[in-house]
Amino acid sequence: MLKEAVSAAECVAFQLSNDAERYAELGRKLRSTNFHSAVTVARGSSDHASAYLAYLIMARMGRLVTSLPMSLITLYKSPLVTRDTLAVAISQSGQSPDVVEPIRYFRGGGATTVALVNDTASPLAEAAEWTMPLHAGKEQSVAATKSFITSLVAGARLVAEWQNDPELKDGIAALPEVLATAARADWSAAIDVLAPARNIMVVGRGISFPVALESALKFKETSALQAEAFSGAEIKHGPMALIEEGYPLLIFATRGPAQASLVQLAGEMRGRGARVLLAAPEDVAERDLTIPVAATPDLDPIAAIQSFYVMAAHLSKARGMDPDRPRHLSKVTKTN
């Protein structure tokens, strides 16, 4: 896991050196098509990458995006109207039937279908009209790291070409250097707090919420640490009842409109006795963990998850576990 996480910068550089005209062609197709909405099709870490893509599409392109409950197609056989819809599937393996079948269904119904997939010989790659390779290389660790990061980058590339935004394109081009810096960030303070912990809340909001979801999954997967992800806008509701002296919270306060409220939340939770780990850029004085910034705030979550992954691999070992052999899990999960 650690080796693959650290290699993400190289994988992203390789991805960015490939398929430029293919992405440009897809961007032209998306700009010339009148979509009323979009759906994402994914499970697990790929679904968290889809949430990041959905945020970019909604914030930048103004299209509503839904995470598809795949059982509507695979089990309930619901008569979904698919025309004038963009359907994007994200997958490392491209093998799971509940990801492949909806893309076939949407394509058959006239939707524009895109697969961001690492295995370009997979059933998902064959099912989609547009297959965009992640170029993460073979991933041995059960815990996805480099494939998740390359999924985020591929999603950002899709939106940058759709919007035809030079600033976002330039920011994406600079990501390999940002990721290399993020992989070297010192997050050892988190290990000191979390090695003996039994549970944790992971908090984000807006563009940072998808990485909160992914981090909570990785805590469970690699450290057997009971972790739940919440939006910073929701934590003052039911989740507040769980806060007690020493309760750990990891808060991702990346740049953007939601940052100020997350920094404020960190202060409030400290006042209630929580052991807060505030991950934020270096200009946030209250931070406990430093997140290197990208060229534009919309890309900061990619740097944040890179720093987190390196810490998570070390944390797993500090808790006496093997991050490469999570209990009861396998690399490819096939569900219907």
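Calculation rules
- Residues numbered from 1 in each chain as written.
- Predicted model: local features only at pLDDT ≥ 70, side-chain atom pairs only at ≥ 80, totals over all residues.
- Heavy atoms only, no water.
- Salt bridge = Lys/Arg side-chain N within 4 Å of Asp/Glu carboxyl O.
- Buried < 20%, exposed > 50% of the residue type's maximum accessible area, 1.4 Å probe, protein only.
- Helix = DSSP H or I, 4+ residues; strand = E, 2+ residues; numbered from the N terminus.
- Core = buried A, V, L, I, M, F, W, Y, C linked by side-chain atoms within 4.5 Å.
- UniProt positions renumbered as here; feature names shortened; annotations may be inferred.
- Arc of directions from axis to C-beta.
- Contact = heavy atoms within 4.5 Å.
- Pairing = 2+ DSSP bridges.
- Phe/Tyr/Trp six-rings, centres within 6.5 Å; stacked < 30°, edge-to-face > 60°.

An unreviewed UniProt entry lists the protein chain under the name SIS domain-containing protein, from Massilia agilis.

Below, the discussion takes up the pattern of salt bridges. Here the idea is simple: oppositely charged side chains can pair when their charged atoms come close. Summed over all chains, the structure comprises nine salt bridges. Across the salt bridge formed by E21 and R28, the nearest N and O atoms sit 2.6 Å from each other. Residue E21 is classed as exposed on the basis of its relative accessible area of 51%. The salt bridge partner of R60 is D165, with a shortest N-O separation of 3.0 Å. Taken together, the positions of R60 in helix 4 (residues 44–61) and D165 in the loop between helix 8 (146–163) and helix 9 (166–173) put the pair 105 residues apart, joining distant regions of the chain. Looking at D165, the relative accessible area reads 14%, which means it is buried. Salt bridges linked by common partners bring R60, D165 and D298 together as one network.

So, about the nonpolar core. In this structure, F219, L250, F252 and F308 are the most contacted members of the largest nonpolar core, which totals 77 residues. Among the nonpolar cores identified, the runner-up in size contains 20 residues, and M201, I235, Y247 and A280 belong to it.

Take the UniProt feature "domain: SIS" (unreviewed entry) in the protein chain next. This chain's UniProt record puts "domain: SIS" (unreviewed entry) on residues 26–168 and 190–326. Secondary structure across residues 26–168 comprises 46% helix and 18% strand; the distance between its end C-alpha atoms is 16 Å.

Turning next to helix 2 (residues 8–16). Those residues of helix 2 not exposed but buried are A8, A9, C11, V12 and Q15. The arc that holds the buried residues of helix 2, viewed along the axis, is 160°, so those residues lie on one side. Those residues of helix 2 that are buried are in contact with helix 1 (2–6), helix 3 (20–31), strand 5 (130–133), helix 8, helix 10 (175–183) and helix 14 (300–318).

Now for the sheet that holds strand 8 (residues 248–252). One open sheet accounts for five strands, arranged 7-6-8-9-10; its pairing is parallel. Strand pairing shows two members of the sheet lacking a second neighbour, strand 7 (226–231) and strand 10 (289–290), which therefore form its edges. Note: strand 6 (residues 199–204) against strand 7, six bridges, orientation parallel. In the sheet register, G204 faces strand 7, and the bridge partner there is S231.

Going through the model one piece at a time under the given rule, you end up with seven aromatic pairs. Between Y105 and F106, the aromatic rings sit 6.1 Å apart at their centres with planes inclined by 75°, giving edge-to-face as the arrangement. Looking at Y105, the relative accessible area reads 31%, which means it is partly exposed. Look at F308 and Y309: their rings are 6.2 Å apart centre to centre, the planes differ by 55°, and that puts the pair in the tilted class. Using a relative accessible area of 0% as the deciding quantity, one classes F308 as buried. Among the residues examined, Y309 registers a relative accessible area of 0% and is labelled buried. Among the aromatic residues, ring-to-ring pairing joins F148, W187, F219, F252, F308 and Y309 into one connected group.

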